[in-house]
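So the chains spell out like this:
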Amino acid sequence: MRTARLRSVHPVLWAGWAALAAGAVLCVLGWYGVSGERFAERQLPYLASCTVPGAALIIAGAVLLAQGRGALAAARVEELYGLLVAAEPADAAESGPSAAAPLAVSPDLLMVPGGTLRHRADCPLVAGKAEAVPVDAKLVTSGELGPCPICEPPEADD
């Protein structure tokens, strides 16, 4: 699912690389011409016709590459955003109160060793993790473990 903007970025990148290559060739030709001339008045035509335009092409190529890569990154972000929006269920607005249902409802509490939150056993943040262990009641009553904002486990006094 490539967007039209993503396809339009590639010519800018190709133009940047082409300008860089042409500029490098012109600079080499100018250097070669200047190196063969002994007097400064004979070197000026090579500087004016090859080296200066070559340097300008190198700068233009660098600008095109920077702009093309920025546009490429922006197009990828837009594509990912479109995928994220498309991933939402179509009937989310119609479902009403069921859309506000909690993600996890298990009464069992788990924690990750070294973590600072307590989770329900079916919370997406700890579900399927082998390192998740049952919560110690002392940690809950002492307040060392806060509630997970995703699964909203019961408070310590519940």
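Our structure is the block above this text.
Residues numbered from 1 in each chain as written. Predicted model: local features only at pLDDT ≥ 70, side-chain atom pairs only at ≥ 80, totals over all residues. Heavy atoms only, no water.

**A closer look at the overall build of the protein chain**
- Helix and strand content of the protein chain: 3 helices and 4 strands.
- Scanning the protein chain from its N terminus toward the C terminus, one meets helices and strands in the order α-α-β-β-β-α-β.
- Burial analysis of the protein chain (158 residues in total) assigns 21% to the buried set.
- Long-range pairs, those at least 24 residues apart, make up 60% of the contacts in the protein chain between residues at least 6 apart in sequence.
- In the structure as shown, the protein chain presents an accessible area of about 10,800 Å², 66% of it carried by carbon and sulfur atoms. (Helix = DSSP H or I, 4+ residues; strand = E, 2+ residues; numbered from the N terminus. Buried < 20%, exposed > 50% of the residue type's maximum accessible area, 1.4 Å probe, protein only. Contact = heavy atoms within 4.5 Å. Areas by Shrake-Rupley, 256 points an atom, 1.4 Å probe, with all protein chains shown as cover.)

**Quick look at the side chain of Arg118**
- By the element assignment, Arg118 lies in strand β2 (residues 117-120).
- Given the relative accessible area of 2%, Arg118 is considered buried.
- Within the structure, Arg118 has its side chain in polar contact with the backbone oxygen of Leu145 (distance 2.7 Å). (Polar contact = N/O pair within 3.5 Å; in protein donor to acceptor, adjacent residues only side chain to side chain.)

**Describing the environment of Ala121**
- Here Ala121 lies in the loop between β2 and β3 (133-134).
- Judged by its relative accessible area of 25%, Ala121 falls in the partly exposed class.
- Once the C-alpha coordinates of Ala121 and Val105 are considered, the two residues, 16 residues apart in sequence, prove to be 8.3 Å apart.
- Excluding residues that lie within four positions of it along the chain, Ala121 makes contacts with Ser106, Asp108, Leu110, Val126 and Ala127.

**Examining the sheet that holds strand β4 (residues 146-147)**
- If you trace the 4 strands from one edge of the open sheet to the other, you get β3-β1-β2-β4, paired in mixed fashion. Strands at the two margins of the open sheet, each flanked by one partner only, are β3 and β4.
- Relative to β2, strand β1 (residues 109-111) is paired through 2 bridges, and the arrangement is antiparallel. Residue pairing for β2: Leu109 is matched across the bridge by Arg120. (Pairing = 2+ DSSP bridges.)

**Things to note about the nonpolar core**
- By size, the foremost hydrophobic cluster in this structure holds 6 residues: Leu110, Cys123, Val126, Ala132, Cys148 and Cys151.
- In this structure Ala132 touches Leu110, Met111 and Val126, once residues within four positions along its chain are discounted. (Core = buried A, V, L, I, M, F, W, Y, C linked by side-chain atoms within 4.5 Å.)

**Observations regarding the state of the cysteines**
- This model, assessed by the stated rule, comprises 0 disulfides.
- Between Cys27, a free cysteine, and Cys50, which holds the nearest cysteine sulfur, the sulfur-to-sulfur gap is 8.8 Å. (Disulfide = S-S within 2.5 Å.)

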